[in-house]
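# Inside the fold
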Amino acid sequence: MVFRSRTILYVAIAALLAMLGGFTWYASMDNPKLEMVDLKIGTVKLVSENTIEGKAKLDVGFVIKNPSDKTFTVSRIDYELFANDVSIGKGGYSTEDIAMPGRAAFYPNAEIELPSSFTLTRTTENSQQYTAITTESPVVYSAKGIIVVESAWSLVEKEFKTSQ
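The structure contained in this document is the topic of the report that follows. Please read these numbers as outputs of a predicted model, since none were measured by experiment.

Our next topic: the nonpolar core. Among the nonpolar cores identified, the biggest contains 32 residues, and Phe62, Ile64, Ile77 and Leu81 are the most heavily contacted of them. Counting residues per element, the ones that place at least two in this core are strand S1 (38-50), strand S2 (55-65), strand S3 (73-83), strand S4 (86-94), strand S5 (111-121), helix H3 (127-134), strand S6 (141-150) and strand S7 (155-163). Setting aside anything within four residues of it in sequence, one finds Ile77 in contact with Leu39, Phe62, Ile64, Gly91, Gly92, Tyr93, Leu114, Ile146, Ile147 and Phe160.

Here you go:
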């Protein structure tokens, strides 16, 4: 009797492990499609400047395109922003605290610009770029970082580097 109940237990454990392995395999099938995400820097615009503190607020847009046939959302973008090839700081976009159904859905071939608020602080290293940005002189922006793309079953972190 003990032999039979142990056998049933082992079969149940093996079946559970096989089921978990199947879920993992099924979820990993989305990864190549999620990695196809295309990210470009979009509109960068000066919103306000605090001349006393030497800070400026920028709206930074990232244009995200889904070239695959798999719908996904973007939960996070961590980036370093450059103006005329000089680093002006780090920023981020996050919807991690929003449930997946409440996020922007990127359907196949969809292209959406996601906004990010960025605070630029004047330093000795970025003084020329700060002046160019706050006087609205021509500036070429670029960014590098990581984008986190999610589907119902998978999550992919992809590095990016983009410029205007």
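On to the packing of aromatic side chains. Scanning all chains against the criterion turns up four aromatic pairs. Grouping aromatic residues by their ring pairs yields a cluster made of Phe62, Tyr79, Phe118 and Phe160.

Looking now at the pattern of salt bridges. A side chain of one charge can pair with a side chain of the opposite charge if their charged atoms are brought near each other. Tallied over the entire structure, the rule returns five salt bridges. Among the salt bridges present, the one from Asp69 reaches Lys33, with a minimum N-O distance of 3.1 Å. Taken together, the positions of Asp69 in the loop between S2 and S3 and Lys33 in helix H2 (residues 31-34) put the pair 36 residues apart, joining distant regions of the chain. Judged by relative accessible area, which is 55%, Asp69 ranks as exposed. With its nearest N and O atoms 2.7 Å apart, the salt bridge here joins Arg76 to Asp78. Put simply, Arg76, Asp78, Glu96 and Glu157 are held in one network by salt bridges that share partners.

Glycine aside, residues mostly have negative phi, and peptide bonds are mostly found in the trans state. Of note, the phi angle at Asn84 is positive, near 50°, even though the residue is not glycine. Using a relative accessible area of 35% as the deciding quantity, one classes Asn84 as partly exposed. Phi at Asp85 takes a positive value of approximately 70°, unusual for a residue other than glycine. As for its placement among the helices and strands, Asp85 is situated in the loop between S3 and S4. Overall, the relative accessible area of 69% leaves Asp85 in the exposed class.

Following the sequence through the fold, Ser116 ends up in strand S5. Separated by 55 residues in sequence, Ser116 and Gly61 have C-alpha atoms that sit 6.0 Å apart. In this view, Ser116 contacts Leu58, Asp59, Val60, Tyr79, Gly92 and Tyr93; residues no more than four positions away in its chain are not counted. A distance of 2.8 Å separates a polar atom in the side chain of Ser116 from a polar atom in the side chain of Tyr79.

A sheet is described by the order of its strands in space; here four strands give the open sequence S4-S3-S6-S7, paired in antiparallel fashion. Strands with a single pairing partner mark the edges of an open sheet, and in this sheet they are S4 and S7. Neighbour-to-neighbour, the strand axes of this sheet turn through a mean angle of 15°, independent of strand direction. Bridging between S6 and S7 involves nine bridges; their strand directions are antiparallel. Bridge assignment links Ala143 to a residue of S7, and that residue is Thr162. H3 contacts S3, S4 and S6 of the sheet and is inclined by roughly 60° relative to S4.

Scoring rules and cut-offs
- Residues numbered from 1 in each chain as written.
- Predicted model: local features only at pLDDT ≥ 70, side-chain atom pairs only at ≥ 80, totals over all residues.
- Heavy atoms only, no water.
- Core = buried A, V, L, I, M, F, W, Y, C linked by side-chain atoms within 4.5 Å.
- Buried < 20%, exposed > 50% of the residue type's maximum accessible area, 1.4 Å probe, protein only.
- Helix = DSSP H or I, 4+ residues; strand = E, 2+ residues; numbered from the N terminus.
- Contact = heavy atoms within 4.5 Å.
- Phe/Tyr/Trp six-rings, centres within 6.5 Å; stacked < 30°, edge-to-face > 60°.
- Salt bridge = Lys/Arg side-chain N within 4 Å of Asp/Glu carboxyl O.
- Polar contact = N/O pair within 3.5 Å; in protein donor to acceptor, adjacent residues only side chain to side chain.
- Pairing = 2+ DSSP bridges.
- Axes fitted to C-alpha atoms, helices over the stretch in contact; angles between N-to-C directions.

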